[in-house]
Each structure stands twice: as C-alpha cells, then as structure tokens.
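So you can see what is in the structure, the chains are spelled out below.
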Amino acid sequence: MSSLGVDQIVKLLSASVGERAAREAVLSALSRLALPPQGLSQDDALRVLEAIAKTPGVLGISARFAKSRLHLLEV
Amino acid sequence: METLFVSAHAVGDADAASASLIAQLRAGLGPQAPVLVTVFCSTEQPLERVAPALRAAFPTATLVGASTAGEFSSGHATAGGSSAAAIAGDFVVHAGLGRGVRADLEAAVEQAVASQPESIEGFSHRTGLLFVDGLSGLGEEATLTVALRLGAATPLAGGAAGDDMHFRATYVAYNETAATDALVVASIFSKKALGLGVKHGHVPLSKPLIVTRSEGNVVHTLDGRPAWDAWIEATRDSCEARKIDPASLSGPALINGFLGIYEAGLPTGAEFKVRLPMARLEGGAMAFSCGMPEGTAVCVMDTTPEQLRSSADTAVDAALAGLGGERAAGALVFDCRNRKDLLASGYPDAIGSAAKTLGAPLAGFQCYGEIAMNTGDFSGYHNTTAVVLAFPR
C-alpha cells in the first residue's frame, strides 16, 4: 500500500466526530509519537489510531473501529 | 423461495393490539412460517406485554423489537399504536439481548452477539439489525461497537428506541424479553443482499461553533460560551421569521418546536453528520444523542418539510439500488421522531410516498436516533434521518 498522510487518517474518524475534532486528535497523536504528517506507513497509521483509541468516549471507539478497517485493507 | 413480507398495525390496549397484530400477520403469511418478526410499540401498548404475545404466536421465528416515539406501516402512521412485520423466505436469523449498556457497553454488545454464528453455509450475506436504548446517550458508540464486533462485511441498520417523548425509559425486545438500558442485535443471513439507504434533509444555518467543554454527550460550552446561549444566538433570526420563542418551550415541546428543527451538524468533508440536541440542562449545557468530544466543530442546521419529505424517498431509492436489480418484498424503516413533528399533517403522505416508491409493504417506527452503516462507512448513527432496510423478493 502507498504511504499515508494526515488527511487519510482524519477521514477515517471524521464521519463520527467531524473533521475538526478528528484532525486535532490525529495531529496530537502524531506529535506524541514523533511521526511526520506525510509519508506514513500502515504500521505508523495503526500506531496513531491506537494512540487515539485510548481516548474515552466516541473518539476512542471511532479510532478502534477505524483501526480494524485499516488493518483489513492490507489483506 | 420468494420472500414474503407482511406488515401489520394496531391500536387499542396491549392485549387487543397483540391479538390484532397476530391476526393480521397470520392472514398475510398464510401457511408460511416467518423466520423474523419485528414489533414496534408505543408506551400505551407496553413492549413487555406485546412481545411475549407475538413470540407465543410465532415461536419458531426470531422476534426483535423496540418501544417507539410513533409507529407506522403501509397506510398507517400513529402515535399510541403498534406496528409489526413478519418475514418468511430464504433467511436464517440469530439474535441476542445485551443488558447494562450505560455501565459497560462493550460487555452488553458481547452478551448480545456472543452466541451468534459468524457465517452460515449457503447464505453468503449477513446484515445486522440493532435496537438500542434511546436514552443512553451512546448511539454512535453502540453502533460502532456492534459494527466492530460483527465485522467489516456486515452492513448494520436499526434505531434507538423511543418512549413517546416522555424521556423516562425506552425498551428493546428479544423474543419474549423486553428490557431497558439494553440493546438487541440480530444477524440476518440471506442468499441475496438486503438494501440499505439513509438520507437526512438538513442544511447548515450557522458558521461552525467549537465544543470547548464537554463530558460525554453533554456539551457545556461552545466557543467558550454556555452552549444554550450560542444556540439561541445562532437561531435568533430564523426563529423570529418562524415566530418560534425557545424561551417559552420546555420538555417535548422544546424538542418538537425548536431543537428538532435546529439540530447540530458536524462537518465531515463534503457532508454533515446530524446530531440531535435532546435537552437543555442546568447552567446552559445541552445534552446530545451521543458523545460530542471537545474540539468538535458543529454547525446549527435547519430543515424544511420539503427537504424532509424528499429525503425519505431518496433513502428508499438508495435501498432499492442496494438490492442489485432485485425487486423489494418489503422494508423496515427507521425514521426520526422529529421528522414526523416537522412534517406534521404531511407525515402520513410522506410514509405513503415512501411506500409507493418502494412498491412493497413497509413497517417501522419513529426513533430517538437512526442506525445505518454500509460496508465502507466509518460512522453509522444518525438523527432526523430516514433509514430504509429493503428485503429482496
């Protein structure tokens, strides 16, 4: 799979929490993990979603859901 | 085997309504035994009494249901009644009930799904049906958790149970059991795909407001101000034009007359995800139908009767398209209570129009939130939306 960027990860979450909250969460996770906003591998994207999945409430559940779907895309 | 979809509608007390529903369904089914029975009951005909009666009448079918904020079938739209559907054909249905949604949602989902098979040989399609406590404030959370559990290839449809706008307790039913603070998940295994369509009829009224303080589904402040104050300001001009005075409204009237019109829309890119504000709380906070994280951008939305009417037909068209060229035998429809209030006397015509577009019987109820998640979707909980689940003939 080709490399991923912030926008693609944001899209996985924005349907349930809106684009703004999704982008804030993704950028915050990238910063904590010291990852760049572009050129991410699927493993990097999974790490970002795993970090967000620890958030309580709808954002965390959305990230867990997105993680499961991102993983299946590589099969 | 061709699918047989029979719908029924009844008013009166619980015993009379149960007897009428059973008689109608039996008349429509003839000698065929249903595999799935769905029943949707107002608080005037408690689900706890109607579900066991229907289960006893159709003991070999899986029964699932919900309490409602209104109910309808082809040709009927009521409050204080019950609607039901019985489906016979090439289907296998498994279901389960999960309790304690508020305390531990994941455990409730696992309880409901654990005994269901992942697949059944000879039935290449699986569709999930979910009814959840409409007062839990966990609509999106429940939808995503169930979708996660059922897997990527399983579309999901359903609704959040209502209680005629009393906001006291809602119920879901699995076979003879009805429970509050619960959810029911059914898996419909079929040889042909079911069709799922969803459409809301809202457009943005305000610029985006940012959730600056929230706890779960309670938003305390928007742009640093009490959420209620921000909502009033955003809707002031429109309310004046419509002669709506939100300060004079409370309870169900507040929802019907104000919050149900001016809902929240989360910009998701090209579209908006609509979220229902359910109550005004102390200190100017507002409660929504699911979690609203801090940092979420919301626009105050608006709608018109024409947009609401046409959105139901669009949902039917989308469901029919999902049948892959097959004609519909019937459809379950999950429609937001607000749509009925906003359409008022035009609601029966809207149901009639949807049934005509479908070309088959339909049965459903007015929900406190609607569930529709096609494969490839990343969110499945909606408000003021029509959801149509069509069964192939």
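Residues numbered from 1 in each chain as written. Chains lettered and ligands numbered in written order. Predicted model: local features only at pLDDT ≥ 70, side-chain atom pairs only at ≥ 80, totals over all residues. Heavy atoms only, no water.

J.: Quick one: what's the story with the interface of chain A and chain B, residue by residue and with numbers?
T.: Tallying the contact residues gives 21 residues for chain A and 26 residues for chain B. With both sides pooled, the region where chain A packs onto chain B buries about 1900 Å², and carbon together with sulfur makes up 68% of that total. Summed over the shared surface of chain A and chain B, the result is one salt bridge. Summed over the shared surface of chain A and chain B, the number is six residue pairs in polar contact (both at pLDDT 80 or more). Elements that contribute at least two residues to the side of chain A that touches chain B include exactly helix H1 (6–17), helix H2 (19–32) and helix H4 (58–73) of chain A. Ranked by residue count, the leading element in the side of chain A that touches chain B is H4 of chain A, at 10 residues. (Contact = heavy atoms within 4.5 Å. Buried area = accessible area lost by both parts, 1.4 Å probe. Salt bridge = Lys/Arg side-chain N within 4 Å of Asp/Glu carboxyl O. Polar contact = N/O pair within 3.5 Å; in protein donor to acceptor, adjacent residues only side chain to side chain. Helix = DSSP H or I, 4+ residues; strand = E, 2+ residues; numbered from the N terminus.)

J.: Please provide a residue-by-residue account of the nonpolar core, values included.
T.: Core analysis: the largest hydrophobic core is formed by 104 residues, its most contacted members being Val26 and Ile52 of chain A together with Leu183, Leu222, Trp231 and Phe258 of chain B. Filtering out sequence-adjacent residues up to four positions away, Trp231 of chain B remains in contact with Leu222, Phe258, Leu259, Tyr262, Glu263, Ala264, Pro277, Met286, Phe288, Val298 and Val300 of chain B. In terms of nonpolar packing, the next biggest core, distinct from the first, is built from 33 residues, Ile87, Leu97, Ala179 and Phe334 of chain B among them. (Core = buried A, V, L, I, M, F, W, Y, C linked by side-chain atoms within 4.5 Å. Buried < 20%, exposed > 50% of the residue type's maximum accessible area, 1.4 Å probe, protein only.)

J.: Which residues make up the packing of aromatic side chains, and what values go with them?
T.: All names here are of chain B. Under the criterion given, the structure shown has 14 aromatic pairs over all chains. A centroid spacing of 6.3 Å and a plane angle of 90° characterise the contact between Phe40 and Phe334, whose relative ring orientation is edge-to-face. Placement of the pair is Phe40 in strand E2 (residues 36–41) and Phe334 in strand E23 (residues 328–336), with a sequence separation of 294 residues. Taken together, the aromatic side chains of Phe40, Phe131, Phe334 and Phe365 make up a single cluster linked through ring pairs. Above the plane of the ring of Phe58 lies Arg26, whose end atom (NZ or CZ) is 5.8 Å from the centre. Positioned above the aromatic ring of Phe123 is the side chain of Lys191, whose terminal nitrogen or guanidinium carbon lies 5.2 Å from the ring centre. (Phe/Tyr/Trp six-rings, centres within 6.5 Å; stacked < 30°, edge-to-face > 60°. Lys NZ or Arg CZ within 6 Å of the ring centre and 35° of its normal.)

J.: So what's going on with the confidence of the model for chain B? Residues and values would help.
T.: Counting all residues, the mean pLDDT for chain B is 93, and 100% of those residues have values of 70 or more. Here the complex is predicted with pTM 0.91, and the ipTM for its interfaces comes to 0.88. (pLDDT = per-residue confidence, 0-100.)

J.: Pulling in residues and values, what's your account of the pattern of salt bridges?
T.: Residue and element names in this part refer to chain B. For the coordinates displayed, the defined rule picks out 21 salt bridges over all chains. Close ionic contact of Arg102 with Asp181 constitutes a salt bridge, the shortest N to O distance being 3.2 Å. Linking Arg102 in the loop between strand E7 (91–99) and helix H3 (105–113) with Asp181 in the loop between strand E11 (177–179) and strand E12 (182–190), this pair joins segments that are 79 residues apart in sequence. Salt bridges sharing partners connect three or more residues here, namely Glu110, Glu118, Arg126 and Arg149.

J.: Outline the layout of surface pockets, supporting the account with residue identities and numerical values.
T.: Within this model, the largest pocket holds a volume of roughly 650 Å³. Along the wall of the largest pocket there are 29 residues; nearest its centre are Ala15 of chain A together with Thr268, Glu271, Lys273 and Asp377 of chain B. With six residues, the top contributor of residues to the lining of the largest pocket is H1 of chain A. Of the residues assigned to the lining of the largest pocket, the class counts are 10 nonpolar, 11 polar and eight charged. The space that makes up the second largest pocket amounts to roughly 280 Å³. In terms of lining, the second largest pocket is formed by 17 residues, of which the most central are Pro56, Gly57 and Val58 of chain A together with Glu215 and Gly216 of chain B. Every element with two or more residues in the lining of the second largest pocket is listed here: H4 of chain A together with strand E15 (209–215) of chain B. Classifying every residue of the lining of the second largest pocket gives six nonpolar, eight polar and three charged. (1 Å grid on protein atoms, 1.4 Å probe; cavity = no way out; pocket = protein on both sides within 12 Å on 5 of 7 lines; lining within 4 Å. Points joined across faces, edges and corners; volume = space filled by probe spheres on them. Nonpolar A, V, L, I, M, F, W, Y, C, P; charged D, E, K, R; others polar.)

J.: An account of unusual backbone geometry is requested, with residue identities and associated values reported.
T.: All names here are of chain B. The phi angle at Asp181 is positive, at roughly 50°, despite the residue not being glycine. Of note in the backbone geometry, Asp223 takes a positive phi value of approximately 50° without being a glycine. Relative to the helices and strands, Asp223 is located in the loop between strand E16 (218–222) and strand E17 (225–226). Classification of Asp223 by relative accessible area gives partly exposed; the value is 35%.

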